[in-house]
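# Structure assessment
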Amino acid sequence: MRVRGDLLAFADDMLVMTNALGELKLAISELESLKDKWNLRLNKKKSEILTRESTQEVSGVKCVKNVKYLGVRVVLDRKEQTRVSTEQIYKNVNMLRSRLKRADPDVLQQLTCCLARSLLIYIGTPMVATGLWKKSDINRIEAGLYRKILCYNNTISNKVILNTMSTMKPAADAIYSLQQNVRVQYTRQQKLT
């Protein structure tokens, strides 16, 4: 579809990422051209462009400072993105804890860690794709989640915490593995068409 940039897609939700206005206009044009071939229509009223620029719209699509992709709020500021994402994870973790108040503490702890990790992978995937997070960011966030859930103090290093949870593949490795698999499948698909 495009020469440069990235594309995340799930069902009819797409996140197209480019670094230049010309690439963005080309991506919008190419998405619009899929109408006849695949019966896909770009709904410009529901579409948004995430940008730091003061531009109001590009090719009829509104420009904004934050977007939601699959229910995850995405902003361009790394610190703000980390705050928003961890806040969303803690909200879900606390909801699980409140619903399972009478569960065995060890079971609750395991479920809470699994939920936090699953949410981090879900939220982290678009963050890695957009370049907002690196592997070190995900490792730091994951260790912080476990530190809070397991009530570890700050004298225990992030590395020790992640090694303690080593029965599970680190979230960063899972995200990068998923991203690599998607790229391989996308490349194969392009060769077939």
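No experiment lies behind these values; they were computed from the predicted model shown. (Residues numbered from 1 in each chain as written. Predicted model: local features only at pLDDT ≥ 70, side-chain atom pairs only at ≥ 80, totals over all residues. Heavy atoms only, no water.)

We now examine the nonpolar core. Ile89, Leu120, Met127, Trp133, Ile138 and Tyr146 are the most contacted members of the largest nonpolar core, which totals 35 residues. Within the residue set of this core, elements represented by two or more residues are β2 (13-17), β6 (66-69), β7 (72-75), α2 (78-99), α3 (105-129), α4 (135-149), α5 (158-164) and α6 (171-192). If you tally residues by element for this core, the top one is α3, at nine residues. Discounting chain neighbours no more than four positions away, the residues touching isoleucine 138 are Leu120, Val128, Trp133, Ala171, Ala172, Ile175 and Tyr176. The next biggest cluster of nonpolar side chains, apart from the first, holds six residues, and it includes Ile28, Val58, Val61 and Cys63. (Core = buried A, V, L, I, M, F, W, Y, C linked by side-chain atoms within 4.5 Å. Buried < 20%, exposed > 50% of the residue type's maximum accessible area, 1.4 Å probe, protein only. Helix = DSSP H or I, 4+ residues; strand = E, 2+ residues; numbered from the N terminus. Contact = heavy atoms within 4.5 Å.)

At a closest axis distance of 10 Å, the pairing of α3 and α4 adopts a crossing angle of 160°. Our classification of the angle between α3 and α4 gives roughly antiparallel. Relative to α4, the crossing made by α3 is right-handed. Across the interface between the two elements, Gln109, Thr112, Cys113, Ala116, Arg117, Leu120 and Val128 from α3 touch Ile138, Ile141, Glu142, Leu145, Tyr146 and Ile149 from α4. When grouped by side-chain class, the residues that make up the contact of α3 with α4 number nine nonpolar, two polar and two charged. (Axes fitted to C-alpha atoms, helices over the stretch in contact; angles between N-to-C directions. Parallel < 35°, antiparallel > 145°, perpendicular 65-115°, else oblique. Left-handed = near helix turned anticlockwise from the far one by under 90°. Nonpolar A, V, L, I, M, F, W, Y, C, P; charged D, E, K, R; others polar.)

So, on to the pattern of salt bridges. On inspection of all chains with the given rule, the structure shows seven salt bridges. Close ionic contact of arginine 73 with glutamate 80 constitutes a salt bridge, the shortest N to O distance being 3.8 Å. Taken together, the shared-partner salt bridges connect Arg73, Glu80, Arg83 and Glu87 into one network. (Salt bridge = Lys/Arg side-chain N within 4 Å of Asp/Glu carboxyl O.)

Its boundaries defined by the atoms lining it, the largest pocket holds a volume of some 1,500 Å³. Forming the walls of the largest pocket are 43 residues, and the residues nearest its centre are Met14, Leu15, Val16, Glu48 and Ile49. Taken together, the elements giving at least two residues each to the lining of the largest pocket come down to β2, α1 (21-38), β3 (48-50), β5 (61-64) and β6. It is α1 that provides the largest number of residues to the lining of the largest pocket, a total of six residues. Across the lining of the largest pocket, the residue classes break down as 26 nonpolar, eight polar and nine charged. (1 Å grid on protein atoms, 1.4 Å probe; cavity = no way out; pocket = protein on both sides within 12 Å on 5 of 7 lines; lining within 4 Å. Points joined across faces, edges and corners; volume = space filled by probe spheres on them.)

This part takes up unusual backbone geometry. Although it is not a glycine, asparagine 39 adopts a positive phi angle of roughly 60°. Positionally, asparagine 39 belongs in the loop between α1 and β3. Despite not being glycine, cysteine 151 has its phi angle at roughly 60°, a positive value. With respect to the helices and strands, the residue cysteine 151 is situated in the loop between α4 and α5. With a relative accessible area of 69%, cysteine 151 lands in the exposed category.

In short, shape yes, function no, at least from these values alone.
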